[in-house]
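Below are the chains, spelled out letter by letter.
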Amino acid sequence: MQGNGFEHICTMNKRKSNVQSLPKPSKICRTEDTTHVQDEDDFDEDGGLHQEHSFSTSSAGDIGVIESITLKNFMSHHLLGPFQFGPNVNFIVGNNGSGKSAILTALIVGLGGKATTTNRGASLKSFVKYGESSAEVTVKLRNRGSDAYKGDTYGDCISIEQRITSDGCRTCKIKNKPGHIVSTKKEELTAILDHFNIQVDNPVSILNQEMSKQFLHSKSEADKYKFFMKATLLEQMKRDYIHIKQTKAVTRDQVERQEECLKDLRQLFLQKKEKYESLSALENMKQTLEDLKKKMAWCLVREKEWQVQQLKEEIDKEQNDRAFEEKLLLCQRKVTLAEKKLRDIQQKLERVKEEEERLAEESRKIKEEVKLKSKAQKSQEVVYFRAENKLKQLEKEQCLFQERIHKISNSNGGRNRESEHAQRIKKISALRNQLEKLETEYIELNQEIKEKQQALFKGREEYDKLSMEEKNIQVSLETKLKRKNQLTASRSNRLRRFGDRMPELLESIDKAYAQGRFIKKPVGPIGACISLKDPSLAVAVESCLRSFMKTFCCDNYKDERVLQELMSPHFPRGCRPQIMVCPFTDCVYNVQSRGVHHPEFPSVLDILIINNPVITNCLIDMRSIECILIIRENAVARRLMQGGRPPRNCREVFTAEGDQVFTNRTYTPEREVIVKYLGGDPEAEIRLVQSEVENHQAQLSRFQLHLSSVKQDIQSMEEKLRSVFIACKRNQESINQVKASITELENIEESQTEDISSLEEEAQENEQKIELERKNVKEAQSELEKHNKVLMEIDRKHQDMKNKREQLTDETEQLKEEQVKAAAECSKLEQSLKILEKKLKAHQDNIQAMRAELGLKKEEKEDIEAKAREICPIPQRPDRSAESIDTEIIRLRQKISSQESSHGNQEQVIREYAEAHGNYKNKSGQVRDLKRFIDRLDNIMTDRQARYKTLRRSLSVRCKLYFNNFLIKLHCCGSMMFDHNNETLSISVKPPGQEKDNINDMRSLSGGERSFSTVCFILSLWEITESPFRCLDEFDVYMDMHNRRISLDLLLELSERQHLRQFIFITPQTTSSLPKSPHIKIHQLQDPERESEEALQSTQ
């Protein structure tokens, strides 16, 4: 509670910052014990004042002084500055609109002041130049000497950049001397202003035109008093003291409540103390209970030792039983023999297979050799026949030579030659007639060949076409039969529509989920989780969702990998159902804004009945079913999507026949779409599919008959074409023979005149050729016989190889039968071996479990013995059983509990007593400390109130004397009357010559005199307050030249006395009458155009 009181009091300091613990100038509002009250005796008759400046000479003028200010797009000015201010006196001179007041407003804004403080706008955005997006104000403050604020961080200068956007936002950048940003926080700016003793909203520091006018024209004495209090920061001190009084009242109320609570705690403490002192007499029973616990502990040790001994005997008995091991050894021997027999058979089988492979390789090589030898034999046969034909030709030519020689030698004159010539001419004419007929027949045969080839080509085309159609019907028939089998299987289980192994897969999923392999159980297949509101639209929905009907949904990729493993035994790779991964949610997506809504036609989402939101969300994500319409008629669908503007959010349309319609294209299925997954009555579907199967079978039979007929026609045409080819070949041979006969007869006619000697020479040469060709024929014949013998030998080897392979095949079959029998025997023995191994393992596990149990029993015995030794170090031999001792312990406990219930548990009573005593002691200490705190606070506040009143009186007296002193300069007389009780300030001024008049209102003064009076009042406040700089806007606006001159002299005189302070005076009038001094700097503003206004500065 005490801490809360201090916490409330600490809130009286409204502006605190984390500044460095350097020597600071003492502010009037913070003045406590060091404040000195000054009476009228502190002032001399001439108005000379003993100045007491709180800034040390080393720090004044080194910190807080404005070095420069720059405006960009501020108010109506594009760019003003930078203005480099002097450390003492600065005059800003310019006509109306040149930017004088804009500089003062920018100074307030640049130092973090509010827009209302400037009296030039209601919000910051009004200071941004029209047409611009932002305005910037940069103020640089001096930061030198030992009192510099974070000198190591900022250096000799602190630059404050304020940026104001057109929407009223403000950002601040505080930079060091090199221009690096140190902070952008408002708290840092507040700390800097506190350190430099700058109050932006204090009119004594910055007095603008509006504030000056309000003061000049104000009729309220209370307003003047508030102005004085605000300027001297007494108002802040007053608010702080009021806050402390409120906090003290709250604390006093809390103390009163705590005193009420303290009474209850004292009462509780006394009750617990009485109960604590009444405890005494259960020690004997408790001691007896402790003795029984000791006996009970050693009794449990004895029972545990007996259990350990019994378990040891059982283990020894089980270890001595060797029956299982003997049976296992016997079975192992049998297994070894059976495995050896199986290995022998397998080795024989492998050798036979190797022999088969070797023979197969040799047979392949022999076949290749037969092929090569057959080719060589045929080639040799061709050589032989060519040689034989050539020999016959040569013999024929030899006969012709002999005939000609004989004819020439036997011819007896020209008469015979003429008759022979006539006969030859007649023969040649007959042969030419025969040749003409043969050529005509050859042309007809060629034409017939072309016609038959075309007919055969058409027949083959028709056959290929019919074969393709037969294959299509066969594939369709197989599909229908498969569909029929699925429907038949789905009579008992509808899931078989989605695959023959789908029920088994779902059982595997349920089993895996029960085992905890899935984080969330997969959902699917999707087709089994949906149904239709209108079954007649099943074709359209299946056409839309065909690729998703078998799909499963998983919540995460780990579940997907587990599901892939479960699918592998049931579905081959490439035929597995698709898996989609999407996080499972309990609610369906809100698709009201992105879905299609049509008054006549539903979307796919509308006609589906889906109970699981996971399925709905999956189809929305992967197929966008909320954006797909279902329309029964194709024409209506095309007209809706392609005839004009399609419905909003509609991507595509499916029709009742399965057509898919987009805005720019349409897809129609090649064959009729069959409902596979969403059909309602399986029996009706089976009947429909059965009728389709029968139709396809009938079609297939008709096509097969037609194909057979076409094939027979093609064979017939091929046979006829072959016969025509043979006739054409024979015709060609006849033509060649006739041409040869004609040529021969013509040659005889020409060679009639030849010499018989030349014919005999040719006949002799031809005879030599015949002899040579006969040798060639004999050689070709002998070579052909060799090839035939080799070919016969290879055929014999091939036949032998074939016989061997057949024998090996028989042997392989026999070995396989033996292998199957041996494998069955091994399997049977291995099963027996496994059973015996299990029995032996169970026996050994039993022994091991008994040993483990023995170990646990021993550990339990040791633990119990250790606990018993903790309870009673000396072993005891109990004379009773554990049950009787336990019964006695329970009886004693009940008796002790009944007595403790009347008095309470001893430990609990002691603990409650200690808690009550501690609570009472702590609470009484807190209440005592709070009372002391309040009493001390009363003393402090009494002293502070007295000091506050003394300070207020001192400041008011000093302000009054300074004011009178300054009025003397005007040769006026006046007074300032402070009424601190009613919080009023009345100022009376009498112009020269009216000292004896009773009129003392400032309204009787001229404008210049009132301005001069205001200046005197401001100068009086300057004398009694502190600030590193002081700004005065248009102080001489209503003054005549005489009053203005006096005012300037007063201001310059004050600036000389306070040469370490900075003064900024704004005036629209000329400054030519000012004396030349290095402490005075004049900034003359030029009158620019309103749109492109720039400020020029000149320095004197």
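Residues numbered from 1 in each chain as written. Predicted model: local features only at pLDDT ≥ 70, side-chain atom pairs only at ≥ 80, totals over all residues. Heavy atoms only, no water.

## Here's the deal with the overall build of the protein chain
Then step 1. Scanning the protein chain from terminus to terminus reveals 23 helices and 21 strands.
Then step 2. In the protein chain, of all internal contacts separated by at least 6 residues, the share reaching a separation of at least 24 is 77%. (Helix = DSSP H or I, 4+ residues; strand = E, 2+ residues; numbered from the N terminus. Contact = heavy atoms within 4.5 Å.)

## Looking at the pattern of salt bridges
Then step 1. Summed over all chains, the structure comprises 30 salt bridges.
Then step 2. Taking the shortest distance from any N to any O, the salt bridge between D555 and K520 comes out at 4.0 Å. In this pair, D555 is assigned in the loop between β10 (552-554) and α14 (557-567) and K520 in the loop between α12 (502-514) and β9 (530-532), connecting sequence segments 35 residues apart. (Salt bridge = Lys/Arg side-chain N within 4 Å of Asp/Glu carboxyl O.)

## Digging into the sheet that holds strand β8 (residues 206-207)
Then step 1. Strand order in this open sheet of five strands is β8-β19-β20-β3-β21, and the pairing throughout is parallel. Each edge of the sheet is formed by a strand with only one pairing partner; in this case those strands are β8 and β21 (1080-1084).
Then step 2. Sheet topology note: the strand β19 (residues 1029-1033)/strand β20 (residues 1062-1067) ladder contains five bridges and is parallel. Paired with F1029 across the bridge in β20 is Q1062.
Then step 3. The strands touched by helix α2 (residues 100-110) are β3 (89-93), β8, β19 and β20; relative to β19, the strand with the most contacts, the crossing angle is about 140°. (Pairing = 2+ DSSP bridges. Axes fitted to C-alpha atoms, helices over the stretch in contact; angles between N-to-C directions.)

## As for the pairing of strand β1 (residues 63-74)
It is a general feature of regular strands that their side chains alternate between the two faces of the sheet.
Then step 1. Of all 12 residues that make up β1, 10 are buried, and the element is covered over most of its length.
Then step 2. In the sheet, β1 pairs with strand β4 (residues 134-143) via seven bridges, with the strands oriented antiparallel. Bridge pairing in β4 places K72 opposite E136.
Then step 3. Where β1 and strand β2 (residues 77-84) come together, five bridges link them in antiparallel fashion. Residue F74 lies in a different strand from β2, and its bridge partner there is H77.
Then step 4. Counting the residues between successive antiparallel strands, the hairpin from β1 to β2 contains two residues, one of them, M75, with a positive phi of roughly 55°. (Buried < 20%, exposed > 50% of the residue type's maximum accessible area, 1.4 Å probe, protein only.)

## Brief notes about helix α5 (residues 186-196)
Then step 1. Counted residue by residue, α5 has eight buried out of 11 residues, so it is predominantly covered.
Then step 2. Residues of α5 that are buried sit in contact with β1, β4, α4 (151-154), β5 (157-165), β6 (170-175) and β7 (181-183).
Then step 3. Directly after α5, the chain includes N197, whose backbone phi takes a positive value near 60°.

## Some remarks on the packing of aromatic side chains
Then step 1. Counted under the stated rule, the structure contains 11 aromatic pairs.
Then step 2. Aromatic pair Y241 and Y948: ring centres 5.8 Å apart, planes at 85°, arrangement edge-to-face. Remark: Y948 occurs in helix α21 (residues 906-969) and Y241 occurs in helix α8 (residues 234-277); sequence separation between them is 707 residues. There is no split in this pair, since Y241 and Y948 are both buried.
Then step 3. Plain terms: the ring middles of F1063 and F1065 are 6.0 Å apart, the flat faces sit at 20° to each other, and that makes the pair stacked.
Then step 4. Of the residues examined, F1063 reaches a relative accessible area of 0% and is grouped as buried.
Then step 5. When the ring centre of F662 is taken as origin, the NZ or CZ atom of R665, which lies over that ring, is 4.2 Å away. (Phe/Tyr/Trp six-rings, centres within 6.5 Å; stacked < 30°, edge-to-face > 60°. Lys NZ or Arg CZ within 6 Å of the ring centre and 35° of its normal.)

## Considerations on unusual backbone geometry
Then step 1. In this structure, P82 follows G81 across a cis peptide bond, with omega equal to 5°.
Then step 2. Within the secondary structure, P82 sits in strand β2.
Then step 3. Cis peptide bonds are those with omega within 30 degrees of zero, and the linkage from G524 to P525 qualifies with -10°.
Then step 4. On the secondary structure map, P525 appears in the loop between α12 and β9.
Then step 5. Its identity is not glycine, yet N649 carries a phi of approximately 70°, on the positive side.

## Looking at the state of the cysteines
Linking two cysteines covalently through their sulfur atoms gives a disulfide.
Then step 1. Scanning the entire structure with this criterion turns up zero disulfides.
Then step 2. Counting only cysteine sulfurs, C553 is the nearest neighbor of C618, a cysteine outside any disulfide, at a range of 3.4 Å.
Then step 3. A relative accessible area of 1% means that C618 is categorised as buried. (Disulfide = S-S within 2.5 Å.)

## Concerning the packing of α12 against α14
When two helices pack together, their arrangement is captured by the angle between the axes and the distance separating the axes.
Then step 1. The N-to-C vectors of α12 and α14 enclose an angle of 135°; their axes lie 10 Å apart at closest approach. In terms of their interaxial angle, α12 and α14 are classed as oblique. The two elements α12 and α14 meet at a crossing, and its hand is right-handed. Along the contact surface, α12 presents L505, S508, I509 and A512, while α14 presents L563, L566 and M567. (Parallel < 35°, antiparallel > 145°, perpendicular 65-115°, else oblique. Left-handed = near helix turned anticlockwise from the far one by under 90°.)

## What about the sheet that holds β5?
Then step 1. On the basis of which strands lie adjacent, the open sheet formed by six strands has the order β2-β1-β4-β5-β6-β7 and antiparallel pairing. The two strands at the open ends of the sheet, each matched to only one other strand, are β2 and β7. With direction set aside, neighbouring strand axes in the sheet form an average angle of 25°.
Then step 2. As paired elements, β5 and β6 share six bridges and run antiparallel to each other. What sits directly across from E161, in β6, is K173.

## Observations concerning the environment of V927
Then step 1. Along the chain, V927 turns up in helix α21.
Then step 2. V927 sits 668 residues away from E259 along the chain, and the two C-alpha atoms are 7.0 Å apart.
Then step 3. In contact with V927, not counting residues within four places along its chain, are V255, Q258 and E259.

## Quick look at the confidence of the model for the protein chain
Then step 1. Across the protein chain, the average pLDDT comes to 77, with 84% of residues at 70 or higher.
Then step 2. The model gives residues 1-59 a pLDDT under 50, and that stretch makes 104 contacts with residues more than four places away or in other chains.
Then step 3. Of the regions scoring below 50 in pLDDT, residues 1090-1100 engages in 36 contacts with residues more than four places distant in sequence or in other chains. (pLDDT = per-residue confidence, 0-100.)

## A word on helix α13 (residues 538-545)
Then step 1. Most of α13 is tucked away: eight of the eight residues are buried.
Then step 2. Considered for burial, the residues of α13 that qualify are A538, V539, A540, V541, E542, S543, C544 and L545.
Then step 3. Residues of α13 that are buried in the fold lie against β9, α15 (604-607), β12 (608-610), α16 (613-623), β13 (628-631) and β14 (652-655).

## Here we look at the nonpolar core
Then step 1. Counting 54 residues, the largest nonpolar core has F91, F228, F1017, L1021 and W1022 as the members making the most contacts within it.
Then step 2. With 14 residues, the top contributor of residues to this core is α21.
Then step 3. Each residue touching F228, except ones within four places of it in the same chain, is listed here: L234, L955, S956, C959, F978, L985, L1021 and I1024.
Then step 4. Residues M502, I509, V591 and V604 belong to the second largest nonpolar core, which totals 50 residues. (Core = buried A, V, L, I, M, F, W, Y, C linked by side-chain atoms within 4.5 Å.)

## Focus on a negative patch on the surface
Then step 1. A surface patch of negative charge is lined by E806, D810, E811, E813, E817 and E818.
Then step 2. Structurally, the position occupied by E817 is in helix α19 (residues 756-871). (Patch = residues over 30% accessible without salt bridge, like charges linked within 9 Å, V, L, I, M, F, W, Y side chains within 5 Å. Areas by Shrake-Rupley, 256 points an atom, 1.4 Å probe, with all protein chains shown as cover. Lys, Arg positive; Asp, Glu negative; His and termini not counted. Charge placed at Lys NZ, Arg CZ, Asp CG, Glu CD.)

## Here's the deal with the environment of L951
Then step 1. With respect to the element layout, L951 can be found in helix α21.
Then step 2. The class for L951 is buried, based on a relative accessible area of 6%.

## Concerning the side chain of N197
Then step 1. Following the sequence through the fold, N197 ends up in the loop between α5 and β8.
Then step 2. Reaching out from N197, the side chain makes a polar contact with the side chain of Q199 at a distance of 2.8 Å. (Polar contact = N/O pair within 3.5 Å; in protein donor to acceptor, adjacent residues only side chain to side chain.)

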